[in-house]
Amino acid sequence: MDTNNDDKIDVDEASKDQRGEISQDFDLIDTNDDKYIDLSELEASLNGKGPKGESAEKIMKEVDDNADGKLNAIEIAAKEKLLLTNNFEEIDTNDDNEIDLEELKYFLSKSDKKKSKKRKKQ
Ligand SMILES: [Ca+2]
Ligand SMILES: [Ca+2]
Ligand SMILES: [Ca+2]
Ligand SMILES: [Ca+2]
């Protein structure tokens, strides 16, 4: 993929990646925003330790309309977050019908593990 052998992947090189995954996630993988993906950034993303995917904090900020630090069913429905809608009861471990940051983090860490198991099998 690194066609000019500078140990970095730039936007052009990423766009030639046939799977298109790097191009699609370029900004996420490029954690220091220098518009190049270097080896450590790439490894971090492949290991699933990088910022790939959504963090609990990001989801919370995006969906928490009234900024009380919790997500209720109305806020989730308004943002059409299928991940949250479909798993609401599972995420809401204390059954107060709201999702707080801790619950969200716990859920995401669980689902991350599921995902990486799947990836290894392929
Ligand atoms: Ca390069
Ligand atoms: Ca970079
Ligand atoms: Ca809220
Ligand atoms: Ca809760």
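Looking at an unreviewed UniProt entry, one finds the protein named EF-hand domain-containing protein and attributed to Aureibaculum flavum.

(A) Geometry of the overall build of the protein. Scanning the protein from N- to C-terminus turns up 9 helices and 4 strands. Helices (α) and strands (β) of the protein occur, in sequence order from the N terminus, as β-α-α-α-β-α-α-β-α-α-α-β-α. For the protein, with 122 residues in total, the buried portion stands at 14%.

(B) Expanded view of the environment of F26. Following the sequence through the fold, F26 ends up in helix α3 (residues 26-29). F26 sits 10 residues away from Y36 along the chain, and the two C-alpha atoms are 8.7 Å apart. When near neighbours in sequence (up to four residues on either side) are disregarded, F26 contacts V11 and A14.

(C) View of unusual backbone geometry. At N5, a position not held by glycine, the phi torsion is positive, near 55°. Along the chain, N5 falls in the segment before β1 (8-10). Here the phi dihedral of A67 falls at roughly 55°; this positive angle occurs in a residue that is not glycine. Tracing the backbone shows A67 in the loop between α5 (56-63) and β3 (70-72).

(D) Structural detail: the nonpolar core. Counting 8 residues, the largest nonpolar core is built from I59, L71, I76, L84, I91, I99, L104 and F107. Apart from residues lying up to four places away in sequence, L71 is in contact with M60, V63, D64, I76, L84, E98 and I99. By size, the runner-up hydrophobic cluster in this structure holds 5 residues, among which are I9, A14, I29 and I37.

About the criteria used
- Residues numbered from 1 in each chain as written.
- Chains lettered and ligands numbered in written order.
- Predicted model: local features only at pLDDT ≥ 70, side-chain atom pairs only at ≥ 80, totals over all residues.
- Helix = DSSP H or I, 4+ residues; strand = E, 2+ residues; numbered from the N terminus.
- Buried ≥ 20, exposed ≤ 12 C-beta atoms within 10 Å, placed from the backbone.
- Contact = placed C-beta atoms within 7 Å.
- Core = buried A, V, L, I, M, F, W, Y, C linked by C-beta atoms within 7 Å.

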